[in-house]
Amino acid sequence: MTQTLSRVLDASLKLAVTLSRGAALAALAALSLGSAAAAEGPAKARAPAEQVIAGGKPQRLIVNPTEDPSRGFAVTWRMEAGAGKGLVEYAEATPGPAFEDAVQTVMADSEVIQYVPRNGPPVSATAHSAVIEGLKPETLYVYRVGDGRTFSAWRQVRTAAASAKPFTFLYFGDVQNEVESHGSRVMRMARRLAPEAALALYAGDLINRSDADREWAEWFDMAPDLHAELLTLPSPGNHEYGPPVDGRQPLAPQWRQQFTLPRNGPAGVSALSETVYQVDYQGVRFLSLDADAISDSPELADATLKWLEARLTDNPNAWTVVFLHYPIYSTAKGRDNAELRAALEPVLQKHGVDLVLQGHDHTYARGRKGGPVYVVSVAGPKQYVGGDREWASRKATGVQLFQAISVDGGELTYKAYTATGALYDAFRLSKPVRGKPARLIDLAPKSAELDLKRAP
C-alpha cells in the first residue's frame with residue numbers, strides 16, 4: 001500500500017462511525033479489456049484510459065467480515081470513473097418491502113482508480129468501500145450500494161451470533177483458470193447443496209495472473225450471489241503475486257482494493273495487511289496465513305509465526321481452522337514444502353489446531369498427521385498428477401471439488417463434493433471436552449477413489 005493511500009486510510013479512521021474505512025482499501029483495479037496485440041515495428045503509444053463499466057451500474061460487489069462479524073460487515077464495489085461518491089443503504093430485513101421505511105445510509109470512501117495492467121490498455125473506475133457497524137447480532141439485514149441515483153439490487157446478509165452456535169461454511173481450493181466457465185458450476189452446486197452456508201473461504205490462486213483485471217472480472221462474475229451475500233474470506237496464493245520488483249514479489253494491486261478484510265494481522269507489518277488476519281465466528285477461530293510471504297521473506301515469516309503463536313495461545317474458541325495456499329503436506333508429483341512444514345507444523349500441533357485447509361497442488365487429499373486434519377483441494381479445471389500421498393486417507397486427481405463444513409457444539413462435520421454434486425469424502429471431528437484432541441470418525445463413501453484425466 002502506498003504512503004499516500006495509507007494517509008488517506010489514517011484520516012478516514014478518524015471520521016464518525018458511520019463512515020467506512022480508508023480509500024486505500026476501497027480502491028479497486030479496473031477491468032482489463034484484453035491483452036494488447038503484438039506490435040509490429042516501432043512501439044505505439046497506449047490508448048487513452050477507458051472506462052471499464054458501461055451503464056453506471058455497481059459491479060464486483062462483495063461482503064467481507066469485520067473483526068467482529070456479530071456487529072458488522074464490510075462492502076466493496078466499483079462503478080464507472082467519475083461516478084462520484086458511493087453509499088450503502090441498509091436496514092433490518094422484513095418479509096416484505098416495509099424495511100424501506102427504516103433505511104439508514106453510510107457514505108463510502110470513494111477513489112478514482114487509474115490502472116495500467118501488464119497486459120491491455122490503461123483503464124479507470126471509481127472504487128467504493130464501506131464498513132457497516134453497530135448492528136445487532138444474529139440478525140438478517142438488507143443492503144444495496146450505489147451513488148444515490150443508480151443502485152444494485154437489494155442483497156441480504158446475516159450477522160453472526162455473539163456466542164457459539166451451529167453454522168456451515170464453504171471452502172474452495174484453487175479456481176485459477178477458466179474461472180467463469182468452469183469455476184461457476186462448482187459455485188452453483190455449492191450454493192445448491194449448502195444453501196445455509198454463512199461463510200466462504202478461498203485457499204489462494206483465485207485467478208491465474210495477479211493483475212489481470214479481466215480474470216478478476218471473471219472471478220466476481222463466477223459467483224455474484226455468493227460474494228454479495230456470504231461473508232467471503234480469501235487467502236492469497238502465489239498467483240496473486242506478480243513478478244519480482246526489487247527482489248520481492250508484489251501482491252496484486254487489486255487485492256487490497258477489492259477486498260475489505262480485518263486489519264488485525266501482525267502489527268506494523270504493512271506487507272501482511274489483509275492477507276494475514278483473524279475472524280472469530282460462532283465458536284470457531286479462522287486464521288488466514290500468507291503462504292507466499294512466509295516462503296518469500298524470512299522477516300515476514302518471523303512476523304507471521306509470532307502472530308500465529310499469540311493468536312493460538314489466546315484463543316477462547318472451541319475450534320480452530322487455519323487456511324493458506326501452500327500445503328504442509330503436498331499432494332502433487334514432485335512437490336514438497338519442507339521449510340514451510342518445519343516452520344508451521346510444530347505450532348499447529350502445539351496448540352491443537354483442528355483443521356488446515358490448503359490449495360496449490362491441484363489435486364485432492366485429506367489426512368491426519370499429529371493432530372490437525374490437513375486437506376488439499378481444487379475447485380478449478382487445472383489438474384495435476386498426484387504425488388506421494390501416503391499420509392492421506394482419501395485422495396483424488398482430475399476432480400473439481402468444494403467442501404461444506406458444519407460446526408455444532410462439540411462436533412465438526414466435513415463433506416467434500418464433486419462438481420456434479422456427488423459426496424466424495426466426509427469425516428466428523430468430535431470434541432466433547434474443550435482443549436482435548438478431537439476424535440476423528442471417518443465417514444468417507446465406500447466408492448473407489450477417482451483418478452481422472454482431463455480431455456486434451
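Residues numbered from 1 in each chain as written. Predicted model: local features only at pLDDT ≥ 70, side-chain atom pairs only at ≥ 80, totals over all residues. Heavy atoms only, no water.

(A) A look at the pattern of salt bridges. Under the definition given, this model contains 21 salt bridges. Residue arginine 285 pairs with aspartate 280 through a salt bridge whose shortest N-O separation is 2.8 Å. Given a relative accessible area of 5%, arginine 285 falls into the buried group. Looking at aspartate 280, the relative accessible area reads 23%, which means it is partly exposed. The salt bridge involving aspartate 354 is made with lysine 431; its shortest N-O contact spans 2.8 Å. Of this pair, aspartate 354 sits in the loop between α9 (338-350) and β16 (355-358) while lysine 431 sits in the loop between β22 (423-430) and β23 (439-442), and the two are 77 residues apart along the sequence. Its relative accessible area of 5% is what places aspartate 354 among the buried residues. Take lysine 431: its relative accessible area is 8%, and that puts it in the buried class. Through salt bridges that share partners, Arg60, Arg78 and Asp213 make up one connected network. (Salt bridge = Lys/Arg side-chain N within 4 Å of Asp/Glu carboxyl O. Buried < 20%, exposed > 50% of the residue type's maximum accessible area, 1.4 Å probe, protein only. Helix = DSSP H or I, 4+ residues; strand = E, 2+ residues; numbered from the N terminus.)

(B) Quick look at the nonpolar core. One finds Tyr143, Phe172, Trp219 and Phe286 to be the most contacted residues of the largest nonpolar core, which totals 115 residues. If you tally residues by element for this core, the top one is helix α8 (residues 298-313), at six residues. (Core = buried A, V, L, I, M, F, W, Y, C linked by side-chain atoms within 4.5 Å.)

(C) Geometry of the sheet that holds strand β11 (residues 199-202). Taken together, seven strands build an open sheet; the order of strands is β12-β11-β10-β20-β21-β22-β23 and the sheet is mixed. Looking at strand neighbours, the two that pair on one side only are β12 (231-234) and β23, the edges of this open sheet. Ignoring which end each strand starts from, the neighbouring axes of this sheet average 20° apart. Direction of pairing for strand β21 (residues 411-418) relative to β22: antiparallel, over a ladder of seven bridges. (Pairing = 2+ DSSP bridges. Axes fitted to C-alpha atoms, helices over the stretch in contact; angles between N-to-C directions.)

(D) Local environment of the pairing of strand β8 (residues 140-146). Taken across its seven residues, β8 has five buried, putting it largely inside the fold. Note that β8 and strand β9 (residues 155-158) share four bridges and pair antiparallel. Within the sheet, the bridge partner assigned to tyrosine 143 lies in β9 and is arginine 155.

(E) A look at α9. With 13 residues, α9 extends 18 Å between its outermost C-alpha atoms, agreeing within 8% with the 18 Å of an ideal straight helix rising 1.5 Å per residue. Of all the bends in α9, the largest measures some 35° and sits at leucine 344, one to four residues before the proline proline 346. Of the positions making up α9, those classed as buried are Leu340, Arg341, Leu344, Glu345, Val347 and Leu348. Structurally, α9 contributes buried residues whose contacts are with α7 (291-296), α8, β15 (319-323), β16 and β18 (373-376). Just downstream of α9 lies glycine 352, where phi reads positive at about 65°. (Expected span 1.5 Å × (residues − 1). Bend = angle between axes of the 7 residues up to and from the residue. Contact = heavy atoms within 4.5 Å.)

(F) Region of interest: the packing of aromatic side chains. Scanning the entire structure with this criterion turns up 19 aromatic pairs. Here the aromatic rings of phenylalanine 73 and tyrosine 143 are separated by 5.6 Å at their centres, their planes lie at 50°, and the arrangement is tilted. Within this pair, whereas phenylalanine 73 is found in strand β3 (residues 73-79), its partner tyrosine 143 is found in strand β8, the two being separated by 70 residues in sequence. Accessibility classification places phenylalanine 73 together with tyrosine 143 in one group, the buried group. Measuring from centroid to centroid gives 6.3 Å for tyrosine 277 and phenylalanine 323, while their planes differ by 80°, and the two rings are edge-to-face. Of this pair, tyrosine 277 sits in strand β13 (residues 277-281) while phenylalanine 323 sits in strand β15, and the two are 46 residues apart along the sequence. When its relative accessible area of 0% is taken as the criterion, tyrosine 277 is described as buried. Members of the aromatic cluster, joined through ring pairs, are Phe172, Tyr202, Trp216, Trp219, Phe220, Trp255 and Phe259. Looking at arginine 341, its charged tip hangs above the ring of tyrosine 329, at a distance of 5.1 Å from the centre. Directly above the aromatic system of tyrosine 424 lies the positively charged group of arginine 394, at a separation of 4.2 Å from the ring centroid. (Phe/Tyr/Trp six-rings, centres within 6.5 Å; stacked < 30°, edge-to-face > 60°. Lys NZ or Arg CZ within 6 Å of the ring centre and 35° of its normal.)

(G) Broad picture of unusual backbone geometry. For glutamate 178, which is not a glycine, the phi torsion comes out positive at approximately 45°. Within the secondary structure layout, glutamate 178 lies in the loop between β10 (167-172) and α3 (179-193). A positive phi angle, near 55°, is found at aspartate 246, a position not held by glycine. Of note, aspartate 246 is situated in the loop between β12 and α6 (253-258).

(H) Layout of the side chain of aspartate 213. Note on placement: aspartate 213 falls in helix α4 (residues 213-222). A polar contact is formed between the side chain of aspartate 213 and the side chain of arginine 78, at a distance of 3.4 Å. (Polar contact = N/O pair within 3.5 Å; in protein donor to acceptor, adjacent residues only side chain to side chain.)

Without other data, these values stay purely geometric and don't point to any function.
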